[in-house]
Amino acid sequence: MAPRQRGGRERRRLCRSESIFLQLYVGYFPQACSDESTMSRGIEYLLFQARGMVDRFRLLARGGDGGNGCISQRRSRSDRQGRPDGGDGGTGGNVILECSRSVWDFSNLQHHTKAVRGGNGLSKKQTGTRGPDKVAQVPVGTVIHLVRGERPSFTVNKPTRSLDPWDIPDAVDDSADSSNQKNKDGINGYEAERERSNQWEKQTYPSACSKARFSNAEDSDASSIQPQVDLDENDQFDDDDEEFWEDEEETEEEALDADEEGEEDDIQYSVAEMTRPGQRLIVAQGGEGGLGNASIGRDVRLSKGNRQEEVARLSTGQPGTESFLVLELKSIADVGLVGLPNAGKSTLLSALSRARPEIADYAFTTLRPNIGSLTYDDYLSVKVADIPGLIKGAHENRGLGHAFLRHIERTKVLSYVLDLAATLNGRKGIPPWEQLRDLVVELEHYQEGMTKRPSLIVANKIDEVGADEMYEELKRRVQGVPIFPVCAILQEGVPDLRVGLRDLMDASDPQGVDLSKVIVD
Ligand SMILES: Nc1nc2c(ncn2[C@@H]2O[C@H](COP(=O)(O)OP(=O)(O)OP(=O)(O)O)[C@@H](O)[C@H]2O)c(=O)[nH]1
């Protein structure tokens, strides 16, 4: 097989970054492109962006197919004709998402994730092995949207490799009652399930339906019923299957975009949320194994005419289910720091907690959310999220746009970080009260009512010359929310801010920012 071309994907990503770069440096900083150092920062930014955080991810998950049932005759001297003794195929593995603290985005995932096929049944009524599950780790705060397929279901957090009696080779129960029950269920349900899966295959893989592996009963050749020896030679992990998956992967990956756009109307939003480490969610189920001829012979009366075809159909393992999901990361923090670029949010986060985000004197240093932990004397731990800077017009995709706001969607408290020094000493920035207005407008554009949640204002850079007067002016212009003068860089005012945040979380009637109480020229 020809090596797979990854170039297309790389190129696409850089193009997106380039467009952001242009918006930033030509739109937001009109004079910037003439400045060499800003250009080099821009390039640095591009590189960051190219390997930036993956907080939205399209995932096509497919459960492993069930193994085929075995067709085998056991003969002995006393029984020349022999008895059917082929075991059932094993169930395919599930695709499971596991919530974990050890990953912070989706960069470890593969767009196509498939679990392993169940093992084929063996002679002497031995059931095939269960296909191992494919477990993919996702960060805490992952929200799952369903584009296509079955709704995912949570599973008990236990090792999924543990086998039930049907999965243990040689564990076929001979007692009439239980085996009949199982096989009746299996066979009755089998017809309907098979019909459903045939339709599913035709819809999902019209081209692949012609492949032998996906051939349905009508197409299947009687020669596909192999004696035991041949079945044993079949690889349990099905090389053809792998190849098929890889061949399809490149084209399907491109199709994922189109699919998502095309099916946007049908998306079921937030079908599940993963908020606790260790939580497990089955997103695609493994298929049931096919029946061995020991089960078929015992429970199904086969008509003479199409006996072989019927046996072939019943012994073929069912395909695993497939689902197309969009995963989104919404960080879970108690306090969200919002501010314009360069306001000092990252510096403040490092003063409040042990987090060490990148700090620099240029805009958009922060390209991904940082989360720090603030611990009080009574061991209450509060999570604080620092998100990339917002600018006026972010809802029109200026700057880094609105995407990062999802990380503070669930915070209990908002902390507006305003730069008192933005207009001081000849700087051409925005006065703090206008910064506040712009931030409130952007947050409301993102989610109506977001600014009603408990809020406080951090008046940062109080150490700068002229900042005291600016702080007094800010207090005069903004009413209704507490304002804390802080010098994040020297950690001045930070202990009071810690207390203020705690009070806000404990307060019975805390208030958000009301723009009617903000005086702007
Ligand atoms: N004088 C003074 N400078 C500060 C203070 N806090 C932060 N700064 C400086 O302001 C600049 C920006 O700080 P950051 O913490 O990176 O600002 P940010 O809001 O995270 O910026 P983005 O990543 O662009 O969103 C840095 O040069 C800091 O050293 C402060 O209290 N006083």
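Read on for an overview of the structure. Just so it is clear, the structure is predicted and the values come from calculations on it, not from any experiment.

**Re unusual backbone geometry**
Negative phi values dominate among residues other than glycine, just as trans dominates among peptide bonds.
Alright, step 1. Located in the positive-phi region is Ser270, a residue other than glycine, with phi close to 50°.
Alright, step 2. Counting through the fold element by element, Ser270 comes out in strand E9 (residues 268–274).
Alright, step 3. Its relative accessible area of 35% is what places Ser270 among the partly exposed residues.
Alright, step 4. Positive phi, close to 50°, is recorded for Asn425, a residue that is not glycine.

**Some remarks on the pairing of strand E16 (residues 455–460)**
Alright, step 1. Of all six residues making up E16, six are buried, and the element is well covered by its neighbours.
Alright, step 2. Residues of E16 alternate between two faces, with Ser455, Ile457 and Ala459 on one and Leu456, Val458 and Asn460 on the opposite face, all of them buried.
Alright, step 3. Here strand E15 (residues 413–419) pairs with E16 via six bridges, running parallel. Within the sheet, the bridge partner assigned to Leu414 lies in E16 and is Ser455.
Alright, step 4. Once the chain exits E15 it traverses helix H9 (residues 432–446) before rejoining the sheet at E16, and the crossover so formed is right-handed.
Alright, step 5. Pairing geometry for E16 and strand E17 (residues 483–486), over four bridges, is parallel. Residue Ile457 lies in a different strand from E17, and its bridge partner there is Ile483.
Alright, step 6. In this fold, E16 hands off to helix H10 (residues 467–477), which returns the chain to E17; that crossover is right-handed.

**Focus: the pattern of salt bridges**
Alright, step 1. Taken as a whole and assessed by the stated rule, the structure comprises 18 salt bridges.
Alright, step 2. Among the ionic pairs, Arg280 bridges to Glu98, the shortest N-O distance being 3.0 Å. Of this pair, Arg280 sits in strand E10 (residues 280–284) while Glu98 sits in strand E4 (residues 95–100), and the two are 182 residues apart along the sequence. For the pair formed by Arg280 and Glu98, the shared burial category is buried.
Alright, step 3. Among the salt bridges present, the one from Asp506 reaches Arg502, with a minimum N-O distance of 3.3 Å. Here the residue Asp506 and the residue Arg502 both occupy positions in helix H11 (residues 494–506), the gap between them amounting to four residues, near one helical turn.
Alright, step 4. Judged by relative accessible area, which is 52%, Asp506 ranks as exposed.
Alright, step 5. Salt bridges here are not isolated pairs; linked through shared partners, they connect Asp378, Arg502 and Asp506.

Definitions and limits used
- Residues numbered from 1 in each chain as written.
- Predicted model: local features only at pLDDT ≥ 70, side-chain atom pairs only at ≥ 80, totals over all residues.
- Heavy atoms only, no water.
- Helix = DSSP H or I, 4+ residues; strand = E, 2+ residues; numbered from the N terminus.
- Buried < 20%, exposed > 50% of the residue type's maximum accessible area, 1.4 Å probe, protein only.
- Pairing = 2+ DSSP bridges.
- Right-handed = clockwise from strand over helix to strand, strands pointing away.
- Salt bridge = Lys/Arg side-chain N within 4 Å of Asp/Glu carboxyl O.

Coordinates in, geometry out; function isn't part of it.
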